[in-house]
Amino acid sequence: DDFGLGFGTSSGGKACVLCPAGRESTQNGTISCASCEAGETSQAGEPCNACGPGTYTNTKASEQCTSCSGGRYAAETGAVSCEGCAPGTASAGGGTNCSTCPPGKASEAAAPRCAICEVGKFTPTNGSAICQRCETAVGPAYTSSEGSATCGLCRRGWFMA
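Residues numbered from 1 in each chain as written. Predicted model: local features only at pLDDT ≥ 70, side-chain atom pairs only at ≥ 80, totals over all residues. Heavy atoms only, no water.

A word on the pattern of salt bridges
The test is simple: Here a salt bridge means any side-chain nitrogen of Lys or Arg lying within 4 Å of a carboxyl oxygen belonging to Asp or Glu. Each helix corresponds to a stretch of at least 4 residues labelled H or I by DSSP, and each strand to a stretch of at least 2 residues labelled E; elements are numbered beginning at the N terminus. Summary of the burial criterion: residues with accessible area below 20% of their type's maximum are buried, those above 50% are exposed, and those between are partly exposed, where the area comes from a 1.4 Å probe applied to protein chains only.
The tally for this structure, following the rule as stated, stands at 2 salt bridges. Notably, a salt bridge pairs Glu37 with Lys60, separated by 3.9 Å at the nearest N-O pair. You can see Glu37 sitting in the loop between β4 (34–35) and β5 (40–41) and its partner Lys60 sitting in the loop between β7 (55–56) and β8 (66–67), a full 23 residues away along the chain. The exposed category is assigned to Lys60, whose relative accessible area is 53%. Between Arg133 and Glu135 there is a salt bridge, with its nearest N and O atoms 3.3 Å apart.

Structural notes on the state of the cysteines
Put simply, the rule reads: Our working definition of a disulfide is a cysteine sulfur pair at a distance within 2.5 Å.
Taken as a whole and judged by the stated rule, the model has 8 disulfides. Each sulfur in the disulfide pair Cys36 and Cys48 lies 2.0 Å from the other. A torsion of -90° about the S-S bond marks the disulfide between Cys36 and Cys48 as left-handed. Of this pair, Cys36 sits in the loop between β4 and β5 while Cys48 sits in the loop between β5 and β6 (49–50), and the two are 12 residues apart along the sequence. Of the two residues, Cys36 and Cys48, both sit in the buried class. The disulfide that involves Cys85 links it to Cys98, with 2.0 Å between the sulfurs. Judged by the sign of its S-S torsion, about -85°, the cystine formed by Cys85 and Cys98 is left-handed. With Cys85 in the loop between β10 (83–84) and β11 (89–90) and Cys98 in the loop between β11 and β12 (99–100), this pair connects stretches of sequence that are 13 residues apart. Left without a disulfide partner, Cys16 is nearest to the cysteine sulfur of Cys19, which lies 10.0 Å away. The exposure class assigned to Cys16 is partly exposed, which follows from its relative accessible area of 37%. With no disulfide of its own, Cys154 lies closest to Cys134 among cysteine sulfurs, the gap being 10 Å.

This is the structure we're talking about:
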């Protein structure tokens, strides 16, 4: 009888046994199941497959891949770890890349999202790591609204408090 791939033999050698999750048998007639490598997983009786982009596993014989946490990403298949996003970029959980923060937002390294600049702060360019204070970067009479890419003077009839 041909019991197919994905089976090994029991310790007594008399019966074929399905390879457990995280292990594989890639040819007929094997007497044991091999562990999947780090970056790979398998279901019971199935061959090992690389973790998809945005996921990883750093141990052998893993049953499932883990999604990258917020602020981290895995661009390629078969990842054994997730990379941290650079300052000025961000990634939600399970990310395959990091998105550049737009003007008016900024992020530190390994951030899950870009933070909106507070009132009185701004970022004029894409990819800012920090929001700059208007009074320091432009002048003492300048301010901005929340999430601003520029600073300005208070309009006529208004004053800075």
